Amino acid sequence: MVRSLDDLRSDFDPAPGYLNAATAGVPPRRTVRALRADLDRWGSGGLDVPRYEEAVGAARARFAALTAVDVDRVAIGSQVSAMAAVVAASLPDGARVVCVDGDFTSTVYPFLAQAPRLRVCHAPADRLAEAVVPGVDLVAYSLVQSATGQVLDDDAVVAAARAAGAWTLCDLTQAAGWLPVDAGRYDVAVTAAYKWLCAPRGVGFLTVRPEVQDRLRPVQAGWYAGDDPWTSCYGPEMHLAADARRFDVSPAWQAWLGAAESLDAFAATDPAAVRAHAVGLADAFRAGLGLPPGGSAIVSLPDADGARRAALESAGCRVAGRAGRVRVAFHVWNDEEDVARALAALGARVAG
């Protein structure tokens, strides 16, 4: 059963002025309750490992549903950089990698760190597809850019990669949760869930296409990557899972308990409705500043001296400063009053 946007919004306590989902999401009440109850159990010696295992399975399944892939295509992780490093380690010597100029470094550093073994170049976000030509082995990029909120022309990039015979690695961290996504269109997708999916930090996902899986090295393999993790605790033999779980890392238990609750809230809600709400507020904010619609839940404004950020924060708005800009992000808990508050702080008004 698909829940309405109003049902999803009712899961959250009011967070007036919190315009910072692009940095970290606000947890639903159910997530906070689950974590508090777990602290009480832990503190009284009632650590419940089966409950954690159930939460990991539930979170994996809900992320699969949210990103339109089969659950056996989903591995669990922690940070984007660690998951991207699996791909970097799997590329042959001399491989050519194209990244976005100015992309978040978790999608870039894993490849730069292997220079000169790998050859890495950068292209502007709006010209990324043009840079993916025959001879390129991998294009690695964030679907939504962290610093600017720009949504890339994903169809063009994927088409160029397929024409060139290159792999695609897409970071969905700034997209999943407000933008409908299909992780199955990429060879590998990586997502940190603590932003728009409102999970605790330390929860991440890697999805991998079946035809690519065997070409990746499970360089972080541990007991949780085993076909049956609880019989994989001791060596010397290794029996990795046959599906994407071979790339699993051992879960930080409490974080996954909260993640199962947050992801349940989003996976059961029509993502198009979330997008319409978030982008509608962002575009109303842009209109009040005399800017055209942006089609993104993130609005990024020049702010070299930090004056705009200071004005917004003085008015009770939680925002972020990134790359000489102020970044404002709208999500499900935000409403028209947040738009008006932010515009008033900048001395603007709602258009019309």
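Quick caveat, the model's predicted, so the values are computed rather than measured. Throughout this document, residue positions are counted from 1 along each chain, in the order its sequence is written. With pLDDT at 70 or above as the cut-off, local features in this predicted model cover only qualifying residues; side-chain atom pairs require 80 or more to be listed or tallied, and sums for whole chains, interfaces and linings still use all residues. Derived side-chain values reflect all non-hydrogen atoms in the structure, with water molecules and hydrogen atoms excluded from consideration.

A. Geometry of the side chain of S146. Mapped onto the elements of the fold, S146 is located in the loop between β4 (138-142) and α7 (154-164). A simple rule labels every residue: compare its accessible area, found with a 1.4 Å probe on the protein chains alone, to the largest value its type can have, and call it buried under 20%, exposed over 50%, or partly exposed in between. The class for S146 is buried, based on a relative accessible area of 10%. We call two residues contacting when some pair of their heavy atoms lies within 4.5 Å. Setting aside its immediate chain neighbours within four residues, S146 contacts F104, Q174 and R327. A run of DSSP states H or I qualifies as a helix once it reaches four residues; a run of E qualifies as a strand once it reaches two. Both are numbered from the N-terminal end.

B. Just the packing of aromatic side chains, in detail. Each aromatic pair joins two rings of Phe, Tyr and Trp (for Trp, the six-membered one) with centres within 6.5 Å, and gets the label stacked for planes under 30 degrees apart, edge-to-face for over 60, and tilted for any other angle. Enumeration according to the criterion identifies 11 aromatic pairs in this entry. On the basis of an interplanar angle of 65 degrees and a centroid distance of 6.3 Å, the ring pair of F12 and F266 is categorised as edge-to-face. Here F266 lies in helix α9 (residues 253-267) and F12 lies in the loop between α1 (5-10) and α2 (29-43), a separation of 254 residues in the sequence. Its relative accessible area of 2% is what places F266 among the buried residues. Ring plane angle 55 degrees and centroid distance 6.2 Å describe the contact between W178 and W196, whose orientation is recorded as tilted.

C. Examining the pattern of salt bridges more closely. Salt bridges, as used here, are contacts in which a Lys or Arg side-chain nitrogen is within 4 Å of a carboxyl oxygen on Asp or Glu. Using the criterion set out here, one finds 18 salt bridges in the structure. One salt bridge in this structure joins D13 and R29, with 2.8 Å as the shortest N-O distance. Placement of the pair is D13 in the loop between α1 and α2 and R29 in helix α2, with a sequence separation of 16 residues. Since its relative accessible area comes to 41%, D13 is described here as partly exposed. Of the residues examined, R29 reaches a relative accessible area of 29% and is grouped as partly exposed. When the shortest N-O distance is used, the salt bridge between D248 and R60 registers 2.8 Å. Residue D248 is found in the loop between α8 (210-213) and α9, and its partner R60 is found in helix α3 (residues 49-66); the two are separated by 188 residues along the sequence. In this pair, the class of D248 matches that of R60, namely buried.

D. Seen up close, the pairing of β4. Among the 5 residues in β4, 5 count as buried, and that is most of the element. Residues L138, A140 and S142 line one face of β4 and the alternating positions V139 and Y141 line the opposite face, and both faces are buried. Pairing between strands is defined by DSSP: at least two bridges between the two strands are required. Direction of pairing for strand β2 (residues 96-100) relative to β4: parallel, over a ladder of 3 bridges. Looking at β4, one finds that V98 is bridged to V139. Across 5 bridges, the pairing between β4 and strand β5 (residues 167-171) is parallel. Bridge pairing in β5 links Y141 to C170. A crossover counts as right-handed when, viewed with the strands pointing away from the observer, the path leading from the first strand over the helix to the second turns clockwise. You can see the chain leave β4, run along α7 and come back into β5, and the turn it takes is right-handed.

E. Structural detail: unusual backbone geometry. In this structure, P116 follows A115 across a cis peptide bond, with omega equal to 5 degrees. Relative to the assigned elements, P116 resides in the loop between α5 (109-112) and β3 (119-123). Of note, the bond from G235 into P236 is cis; its omega dihedral lies within 30 degrees of zero at 5 degrees. Mapped onto the fold, P236 is located in the loop between α8 and α9. Its identity is not glycine, yet C198 carries a phi of approximately 60 degrees, on the positive side. Among the secondary structure elements, C198 is positioned in the loop between β6 (188-192) and β7 (204-208). Given the relative accessible area of 1%, C198 is considered buried. Within the chain, A323 stands out as a residue other than glycine whose phi angle is a positive 50 degrees.

F. Broad picture of the nonpolar core. Formed by 71 residues in total, the largest nonpolar core has its most connected members in L128, Y141, L143, L172, F205 and W333. Listing elements by their share of this core, those giving two or more residues are α1, α3, β1 (74-77), β2, β4, α7, α9 and α10 (271-288). Where each domain begins and ends is defined by an automated method or by a domain database. Residue-level mapping places this core at the junction of two domains, with at least three residues from each of domain 1 (5-27 + 270-346) and domain 2 (48-268). Grouping buried Ala, Val, Leu, Ile, Met, Phe, Trp, Tyr and Cys residues that are joined through side-chain atoms within 4.5 Å yields what is termed a nonpolar core. Grouped together as the second largest cluster of nonpolar side chains are 28 residues, A84, C99, L138 and V212 included.

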